[in-house]
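# Architecture and fold: a report
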Amino acid sequence: MSAIRINWQALLALIATLASLTALPYTASMSAGFSLAVAALLLAGAVLSMLRLASALEALVLLIASFGAAGMLITGLESATGTATAGYFASLAAAWLLGWRLVTVMSGDGSRSDRTAGIVAITVPALFGIWVLILWECIVRGAGVPFVLLPPPSAIGIRISESLPILAADFRQTVLKAVLFGYVVGCLAGFLVAILADRFRFFANGLLPVGNMVSALPMIGIAPVMVIWFGFDWQSKAAVVIVMTFFPMLVNTLAGLAATSEMERDLMRTYGATHWQVLLKLRMQAAMPFIFNALKINSTLALIGAIVAEFFGTPIVGMGFRISTEVGRMNLDMVWAEIALAAIVGSLFYGALALLERTVTFWHPSYRR
Amino acid sequence: MPETVISAQNLDLTFETNDGPVHALKNIDLDIREGEFVSLIGPSGCGKTTLLRVIADLEKPTGGRMTINGMTPEQARLARAYGYVFQQAALLPWRTIEDNVALPLEVMGVDKATRTQRIRSNLDLVNLSGFEKKFPWQLSGGMQQRASIARALAVEPQMLLMDEPFGALDEIVRDHLNEQLLKLWAKTKKTVVFVTHSIPEAVFLSTRIVVMSPRPGRIHEIIDCDLGYDRPLDIRETPEFLKIAHQVREGLKAGHSYDE
Ligand SMILES: Nc1ncnc2c1ncn2[C@@H]1O[C@H](COP(=O)(O)OP(=O)(O)OP(=O)(O)O)[C@@H](O)[C@H]1O
Ligand SMILES: [Mg+2]
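In short, a report on the structure.

Rules behind the numbers
- Residues numbered from 1 in each chain as written.
- Chains lettered and ligands numbered in written order.
- Predicted model: local features only at pLDDT ≥ 70, side-chain atom pairs only at ≥ 80, totals over all residues.
- Heavy atoms only, no water.
- Helix = DSSP H or I, 4+ residues; strand = E, 2+ residues; numbered from the N terminus.
- Rg over C-alpha atoms; globule rule 2.2 N^0.38 Å.
- Buried < 20%, exposed > 50% of the residue type's maximum accessible area, 1.4 Å probe, protein only.
- Contact = heavy atoms within 4.5 Å.
- Pairing = 2+ DSSP bridges.
- Axes fitted to C-alpha atoms, helices over the stretch in contact; angles between N-to-C directions.
- Near = heavy atom within 4 Å.
- Polar contact = N/O pair within 3.5 Å; in protein donor to acceptor, adjacent residues only side chain to side chain.
- Nonpolar A, V, L, I, M, F, W, Y, C, P; charged D, E, K, R; others polar.
- Phe/Tyr/Trp six-rings, centres within 6.5 Å; stacked < 30°, edge-to-face > 60°.
- Lys NZ or Arg CZ within 6 Å of the ring centre and 35° of its normal.
- Parallel < 35°, antiparallel > 145°, perpendicular 65-115°, else oblique.
- Left-handed = near helix turned anticlockwise from the far one by under 90°.

Attention shifts here to the overall build of chain B. Of the regular secondary structure elements, chain B holds eight helices and nine strands. Its C-alpha radius of gyration of 18 Å places chain B within 12% of the 18 Å reference for a compact globule of 260 residues. Considered along the principal axes of its C-alpha atoms, chain B spans approximately 55 × 45 × 40 Å. Burial status across chain B gives 56% buried among its 260 residues. Residue pairs at least 24 apart in sequence account for 71% of intrachain contacts in chain B once pairs closer than 6 positions are excluded.

Structure (structure tokens):
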């Protein structure tokens, strides 16, 4: 067995780094020496990764080389926006390739213990996210992309940290009032009506076509009407959210309640179970995967609905209000700060539901252990 | 003479389907007395399941009369006169084995202490002690089917209705469960109606074997089969056993040739 084990990411990183040496220094504010130091770090990482190291050691080497180089490349843009050469981007690509290699090494061959598997499950997406931010920062600032087109994440980060009170107020207005209230009421109402519609079939037959029609209505049309009906404050936004979340929950719950097998229903019949006993002990449980599906879909719909509904009139607070006014003022960093907030809220919301789903529907074939 | 538990008189059942009516049962006359073990055997589609489902009030006959203990099947069902074992175990995947056994008891409103006691004794009976906290999908097919038998027994019904309960299991597990079922029957003296495709199984277990024939489903022949309460597995090599098995096979052939 030879001491060298070629992997394509490291090989490409090696080539990219060597190519970058033809365009030194990388930026106007980087000395040739500093640029060479970056290149040396990348070369060392690439070469070491092709030696047969233990995978933990290889991961450590790659971590230092890729993030060290990335950090140096970001520093090298200080007061040198838009001056990056082709060499700069080549070495950025090399750092990214080593980062990719790092993720590959960490994912390993799947023969890991449960404990490390858990760590990997968190680290890999985190590394991915960090690299998106690094590339975004370096490309936008290195190539001098205009601020209104796309601000660098560092500027958005600064804006977020400086505007925490505003963001908190917007969060309270949009998420804690409109989204939460609308979501809870919409989902609960959809669920309860589904239970009734299931009991009285004719009710369902009348309701479902109406439901399909309402779901097809454009939100852009509903939102102004709701503002007229329920006023400018969060209540009209909550109403939009209720309309948007009600029918997905209704339709999914109805489908879920029908998801039991004939044999299971016959079984309950042989016990002389009442309608409500069958519902509670059999059909509701079987419907849980469907209900969680609706809860997850609705978490996304609720956030979108509340934000967009604020475009149509609102008191001077709220995430949608902020986005629409700050766009007008060309304060794109603030817009992106709100987008980041929405992304974080949406992911946490969805993630919490997915976690709850796992514990409630642990018995479903897709989760069984 | 023990009392008649199940009585079918001139029973008829026609399913209305999209391709026209299917005559599933025709002129069924059958009396089953308390403590009997009656097997229904016959080719696929001859109405064995349908007959069992009529007894269980899962299907309504379109003609004739069916009484259970002198009651209508519906009254008997609501009085929880029987335990039904389906071809598949049909255990609820979100319930542990013990909670699955507890399910009918919860529906009936049996108190917690009695439930605990019945779970233990019935899981014991089917040799599943120690698996109370497992989920159904963590058990083998044979164990699942045993759990479903424990669930049917937990109600302490007077009758057991079983629709090919061991059909999906391999021969060795099947033999073992047959022995256990026989012991159970000898001990509890329950009335059992048992659907099967297997001649040896029917002869080994039954006091009477009902041979059915298809299109329309009807009773071809009823064969007495009293080998006593104590039947070791190797009774299947004795001449008496083979004689009855031969008789059943001839009956099945004769019932089937009607078809050609
Ligand atoms: N719900 C139903 N609707 C229409 N036809 C049915 C229905 N249930 C059964 N049948 C028909 O009735 C006939 C008897 O069916 P049944 O299930 O009782 O047969 P079986 O003897 O149990 O057969 P197998 O040994 O295959 O289980 C068949 O022709 C079947 O197609
Ligand atoms: Mg059948």
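Next comes the rest of the account.
Attention now moves to the sheet that holds strand β7 (residues 191-196) of chain B. Residue and element names in this part refer to chain B. Reading across the sheet, the six strands line up as β5-β6-β7-β3-β8-β9 and stay open at both edges, with mixed pairing between neighbours. In this open sheet, the two strands that pair with only one neighbour each are β5 (82-85) and β9 (218-224). Direction aside, the axes of adjacent strands within the sheet are offset by 15° on average. In the sheet, strand β3 (residues 37-41) pairs with strand β8 (residues 208-213) via four bridges, with the strands oriented parallel. The partner of S39 across the bridge, within β8, is I209. Helix-sheet contacts for helix α5 (residues 141-154) involve β5 and β6 (159-163), and the interaxial angle to β5 is about 165°.

What follows is about the site of ligand 1. Residues and elements named next belong to chain B. In the vicinity of ligand 1 there are 13 residues, among which S44, G45, K48, T49 and T50 approach most closely. Contacts to ligand 1 include G47, whose backbone N or O atom sits 3.0 Å from an oxygen atom. When contributions to the shell around ligand 1 are tallied by element, the ones reaching two or more residues are β1 (4-17), β2 (20-33) and α1 (48-55). Considering every element that reaches the shell around ligand 1, the biggest residue donor is α1, with three residues. Residue composition of the shell around ligand 1, by class: four nonpolar, seven polar and two charged.

What follows covers the packing of aromatic side chains. Within this structure, the stated rule accounts for 18 aromatic pairs over all chains. Plain terms: the ring middles of W229 of chain A and F230 of chain A are 6.4 Å apart, the flat faces sit at 80° to each other, and that makes the pair edge-to-face. Cluster of aromatic residues (ring-pair linked, three or more members): F37, F166, W185 and F194 of chain B. Just above the ring of F200 of chain A sits the side chain of R199 of chain A; from NZ or CZ to the centre is 5.9 Å.

Before going further, it helps to examine the sheet that holds strand β4 (residues 63-68) of chain B. Residue and element names in this part refer to chain B. An order of β2-β1-β4 is seen for the three strands of this open sheet, with the pairing classed as antiparallel. Since the sheet does not close on itself, it has two edges, and those belong to β2 and β4, each with one partner. Within the sheet, the average angular offset between the axes of one strand and its neighbour, ignoring direction, is 20°. Where β1 and β2 come together, 10 bridges link them in antiparallel fashion. Within β2, the position partnered with L13 by the bridge is L25.

Before going further, it helps to examine the packing of helix α3 (residues 97-108) of chain B against α5 of chain B. For any two helices packed against each other, one specifies the crossing angle of their axes together with the interaxial distance. All names here are of chain B. Orientation of α3 relative to α5, taken along the N-to-C sense of each, is 30°, at an axis distance of 8 Å. One element, α3, and the other, α5, form an angle in the roughly parallel class. Considering only the axes of α3 and α5, their crossing is right-handed. In this structure, α3 uses I97, N100, V101, P104 and L105 to contact α5, whose residues at the interface are A147, A150, R151 and A154. Across the contact of α3 with α5, the residue classes tally to seven nonpolar, one polar and one charged.

Residue and element names in this part refer to chain A. Along the chain, the position of V148 falls in the loop between α5 (114-142) and α6 (153-162). Here V148 falls in the partly exposed class, since its relative accessible area comes to 40%. The spatial distance from the C-alpha of V148 to the C-alpha of S49 is 40 Å, given a sequence separation of 99 residues. Setting aside chain neighbours within four positions, we find V148 in contact with M330 and L332.

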